[in-house]
Amino acid sequence: LSGKYPSQRHFPVRPALKSSYDVVIIGGGGHGLAAAYYLAKDWGITNVAVLEKGYLAGGNTARNTTIVRSNYLTPEGVRFYDESRQLFSDLSHELDYNILYSERGHLTLAHNDAAMRTSRWRAEVNKHMGVDSELVYPDEIAKICPQLNLSRDVHHPIEGALYHPPGAIARHDGVAWGYAKGATERGVELHTHTEVTGLKVNNDEVTQVETDRGTIKAGVVLQAVAGMSSEVARMAGLKLPIKTIPLQACVSEPVKPYLDSIVVSGSLHTYVSQSSRGEMVMGSAADPYGLYSTRSTLEFKEDLMMNMLELLPCLASLRVLRQWAGMADMTPDFSPVMGETPLKNYYIDAGWGTWGFKATPVSGKRMAETIATRQVPDLIKPFALSRFERFAQVGERGAASVGH
Ligand code: FAD
Ligand code: PYC
């Protein structure tokens with residue numbers, strides 16, 4: 001590693017903070033970094049600073065279970081997440097960075113009539129929108145995922161499933177690092193360990209961004225801070241319909257490739273996939289209380305394993321290697337908040353709750369377009385903050401993989 005990058009392999013050393021930028025992005029997670037990348041690449045806007053209070057992408061991007069799918073419930077949601085899935089499938093090539101994108105097939109198990117009905121509903125909406133999803137029954141499930149326990153002699157027998165062949169996983173850090181590398185190579189400045197502590201507002205515009213390294217001016221500000229969305233928006237005088245709730249996950253010790261499919265049971269509050277390095281990546285329902293904390297609990301692990309072992313008894317002898325939590329910014333309709341705010345130069349990318357990793361490419365691309373053109377693209381118009389005043393919610397609760 002010679003002269004150009006003396007102490008870091010992928011990224012330039014953190015520069016001094018300038019007094020002003022055309023665009024300031026608050027939050028150096030996948031979404032903020034993707035927006036910076038597309039601003040530079042698609043629109044030639046490179047006088048951009050990404051401000052990240054911790055280390056690069058150490059928030060929910062580092063903590064998620066990397067499931068990518070577009071089997072949503074509403075046409076607005078399906079269209080949006082499918083654009084992201086398509087961007088994901090070519091992202092290693094786009095970024096010249098291997099994100100280990102791996103199509104596995106995604107099974108959402110149904111254990112009762114209500115879940116079968118929602119699965120059928122999702123399958124029909126998906127097919128209508130050109131997305132590959134189908135309702136399958138136990139004989140087909142046995143062929144897709146022979147590891148599953150399809151016995152009727154359990155608490156909650158599997159009645160069927162929504163099968164979504166393009167469902168995939170990816171290397172979460174790789175996605176953030178690839179976008180960061182692509183952005184900095186084009187001139188974007190990355191300021192890690194730089195916390196935004198205040199926002200000065202004058203005449204419906206943000207005039208100054210205060211940080212623990214000094215104050216800067218910005219032509220446009222984008223907030224992309226996930227679990228801290230309400231707190232940062234409050235600095236700009238905005239109140240969001242968002243509640244922050246911890247979501248926990250864990251991984252097992254790594255084993256040889258064993259489980260191809262991504263398996264989700266909303267009713268049993270359990271999901272699992274096997275990562276490219278062999279760990280079983282497992283999660284459960286969101287914690288039952290709002291909290292700004294990334295501590296993890298024994299209760300989570302016990303509840304998860306109780307149900308997991310009913311679905312996949314073969315995992316019984318695996319040991320848990322790591323456990324952690326992230327902070328999910330939950331909206332009432334389980335859809336994101338994207339686009340304009342009542343402030344003229346302040347844009348928002350929030351409300352990603354338990355579902356936003358899969359949206360990293362599309363949110364970055366479409367928020368960059370919004371900032372560059374000052375026009376909200378049709379694709380993200382349904383997710384405007386103003387929908388909560390217009391009674392125009394985009395209800396995706398039935399397609400959230402984890403219970404809430
Ligand atoms: P983040 O990666 O959290 O980035 C926001 C950044 O803002 C953070 O790095 C934070 O440090 C920074 N920040 C906050 N405040 C400030 C400040 N004042 N100044 C400067 N910086 C600040 N989604 C899926 O699609 N599929 C999944 O399988 C999935 N599984 C999940 C599992 C778990 C356990 C969790 C917690 C979430 C999961 N999600 C999943 C949701 C997904 O992780 C998030 O929606 C997504 O990562 C949000 O990305 P982001 O870039 O907006 O946020
Ligand atoms: O959105 O698919 C998802 C998901 C799975 C686990 C957490 N989120």
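Caption draft 1: How the structure looks around the site of ligand 1. As a matter of local geometry, ligand 1 sits amid 36 residues, with Glu-52, Asn-60, Thr-61, Thr-65 and Lys-358 nearest to it. Within the side chain of Thr-61, one N or O atom sits 2.5 Å away from an oxygen atom of ligand 1. In the environment of ligand 1, an oxygen atom lies 3.0 Å from a nitrogen or oxygen atom belonging to the backbone of Gly-356. In isolation ligand 1 offers 1,000 Å² of accessible surface; the protein chains occlude 96% of this area. For the shell around ligand 1, the secondary-structure elements that each account for two or more residues are α1 (30–43), α2 (60–63) and β13 (243–252).

Caption draft 2: Quick peek at the site of ligand 2. Close to ligand 2 lie Thr-65, Ile-67, Arg-69, Tyr-271, Thr-354, Trp-355, Lys-358, Ser-401 and Val-402, which account for all nearby residues. Arg-69 places a polar side-chain atom, nitrogen or oxygen, 2.7 Å from an oxygen atom of ligand 2. Side-chain polar atom of Lys-358 to an oxygen atom of ligand 2: 2.5 Å apart, as the coordinates give it. Across the complex, the protein chains shield 95% of the 240 Å² of accessible surface that ligand 2 would expose by itself. Considering only residue class, the shell around ligand 2 consists of four nonpolar, three polar and two charged.

Caption draft 3: Broad picture of the sheet that holds strand β4 (residues 102–103). The three strands are arranged β3-β8-β4 in an open sheet whose pairing can be described as antiparallel. Across the chains shown, the open sheet's two edge strands, defined by having one partner strand only, are β3 (67–68) and β4. In terms of strand pairing, β4 meets strand β8 (residues 168–169) through two bridges, oriented antiparallel. When the bridges of β8 are listed, Glu-103 appears paired with Ala-168.

Caption draft 4: Geometry of the confidence of the model for the protein chain. Of the residues in the protein chain, 98% have a pLDDT of 70 or more, and the chain-wide mean is 96. Both scores are given for the predicted complex: the pTM is 0.97, the ipTM 0.99.

Caption draft 5: The state of the cysteines, seen in detail. For the coordinates displayed, the defined rule picks out zero disulfides. Lacking any disulfide linkage, Cys-145 is separated from the closest cysteine sulfur, that of Cys-314, by 8.4 Å. Overall, Cys-145 belongs to the buried group, its relative accessible area being 0%. For the unlinked cysteine Cys-250, the closest cysteine sulfur is that of Cys-314, found at 15 Å. Exposure remark for Cys-250: the relative accessible area of 0% places this residue in the buried category.

Caption draft 6: Structural detail: the sheet that holds β13. Pairing in this open sheet of eight strands is mixed, and the strands run β6-β7-β5-β14-β15-β16-β13-β17 from one edge to the other. Two strands close off the open sheet at either side, each with one partner strand: β6 (134–136) and β17 (320–330). On average, each strand axis in the sheet is tilted by 20° relative to the strand beside it, whichever way the strands run. Looking at chain direction, β13 and β17 are connected through ten bridges and run antiparallel. The partner of Lys-243 across the bridge, within β17, is Met-330. Running over the sheet, helix α5 (residues 113–128) touches β5 (106–110), β6 and β7 (160–164) and is turned about 150° from β6.

Thresholds applied
- Residues numbered from 1 in each chain as written.
- Chains lettered and ligands numbered in written order.
- Predicted model: local features only at pLDDT ≥ 70, side-chain atom pairs only at ≥ 80, totals over all residues.
- Heavy atoms only, no water.
- Near = heavy atom within 4 Å.
- Polar contact = N/O pair within 3.5 Å; in protein donor to acceptor, adjacent residues only side chain to side chain.
- Areas by Shrake-Rupley, 256 points an atom, 1.4 Å probe, with all protein chains shown as cover.
- Helix = DSSP H or I, 4+ residues; strand = E, 2+ residues; numbered from the N terminus.
- Nonpolar A, V, L, I, M, F, W, Y, C, P; charged D, E, K, R; others polar.
- Pairing = 2+ DSSP bridges.
- pLDDT = per-residue confidence, 0-100.
- Disulfide = S-S within 2.5 Å.
- Buried < 20%, exposed > 50% of the residue type's maximum accessible area, 1.4 Å probe, protein only.
- Axes fitted to C-alpha atoms, helices over the stretch in contact; angles between N-to-C directions.
- Contact = heavy atoms within 4.5 Å.

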